[in-house]
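Analysis of the macromolecular model
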Amino acid sequence: MARLRLDDPDLPLADLMRAWPQTIPVFVRHKMLCVGCLISPLHTVTDACAEYHLNEEDFLAELRQAAELG
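Summary of the structure given here. Remember, it's a predicted structure, so these values are computed and weren't measured experimentally.

So, on to the overall build of the chain. Scanning the chain from N- to C-terminus turns up 4 helices and 0 strands. A compact globule built from 70 residues should have a C-alpha radius of gyration of about 11 Å, and the chain, at 11 Å, falls within 12% of that. For the chain, the C-alpha atoms occupy an extent of roughly 30 × 25 × 20 Å along the three principal directions. Of the contacts made within the chain by residues no fewer than 6 positions apart, 51% connect residues no fewer than 24 positions apart. Carbon and sulfur atoms make up 56% of the accessible area of the chain, which amounts to about 4700 Å² in all.

A word on the side chain of Thr44. Locating Thr44 in the fold gives a position in the loop between helix H2 (24–29) and helix H3 (45–52). For Thr44, a relative accessible area of 10% translates into the label buried. Ignoring anything within four residues of it in the chain, the contact list for Thr44 reads Pro9, Asp10, Leu11 and Leu13.

We now examine the nonpolar core. Leu13, Leu16, Phe27, Cys34, Val45, Phe59 and Leu63 are the most contacted members of the largest nonpolar core, which has 18 residues in total. Contributions of two or more residues to this core are made by helix H1 (13–19), H2, H3 and helix H4 (56–69). Beyond its immediate stretch of four places on either side in the chain, Phe27 contacts Leu13, Leu16, Met17, Met32, Cys34, Val35, Phe59 and Leu63.

Turning our eyes to something else, we now look at the pattern of salt bridges. Counting across every chain of the model gives 3 salt bridges. The partner of Asp7 in a salt bridge is Arg5, and the shortest N-O contact between them spans 3.1 Å. Taking relative accessible area as the criterion, Asp7 reaches 43% and is therefore assigned partly exposed. For Arg29, the salt bridge is made with Glu62, and the minimal N-O distance between the two is 3.3 Å. Residue Arg29 is found in helix H2, and its partner Glu62 is found in helix H4; the two are separated by 33 residues along the sequence.

A separate point is H3. All of the buried residues along H3 are Val45, Ala48 and Cys49. Seen end-on, H3 carries its buried residues on one side only, within an arc spanning 100°. Relative to its buried face, H3 has exposed residues pointing more than 90 degrees away, namely Ala50 and Glu51. Next to the buried residues of H3 lie H1 and H4. Backbone geometry just after H3 places His53 at a positive phi near 55°.

Basis of the calculations
- Residues numbered from 1 in each chain as written.
- Predicted model: local features only at pLDDT ≥ 70, side-chain atom pairs only at ≥ 80, totals over all residues.
- Heavy atoms only, no water.
- Helix = DSSP H or I, 4+ residues; strand = E, 2+ residues; numbered from the N terminus.
- Rg over C-alpha atoms; globule rule 2.2 N^0.38 Å.
- Contact = heavy atoms within 4.5 Å.
- Areas by Shrake-Rupley, 256 points an atom, 1.4 Å probe, with all protein chains shown as cover.
- Buried < 20%, exposed > 50% of the residue type's maximum accessible area, 1.4 Å probe, protein only.
- Core = buried A, V, L, I, M, F, W, Y, C linked by side-chain atoms within 4.5 Å.
- Salt bridge = Lys/Arg side-chain N within 4 Å of Asp/Glu carboxyl O.
- Arc of directions from axis to C-beta.

Below, the structure is given as structure tokens:
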């Protein structure tokens with residue numbers, strides 16, 4: 001199985017949060033309903049940022065920082 005990459009544009013949110021659970025507070029801090037959402041196995045960071053009108057690069061930077069601290 002290929003190793004997961006946080007910056008993979010095709011990585012589903014469910015897989016991201018499962019691999020890096022320390023990123024979950026980032027979603028919560030932005031009041032995103034992605035944690036536990038039935039769509040999270042299908043949505044990517046790009047999809048979520050578009051839905052919540054967030055800057056994708058800034059959001060990814062927050063995710064990377066959280067993943068490194070964990």
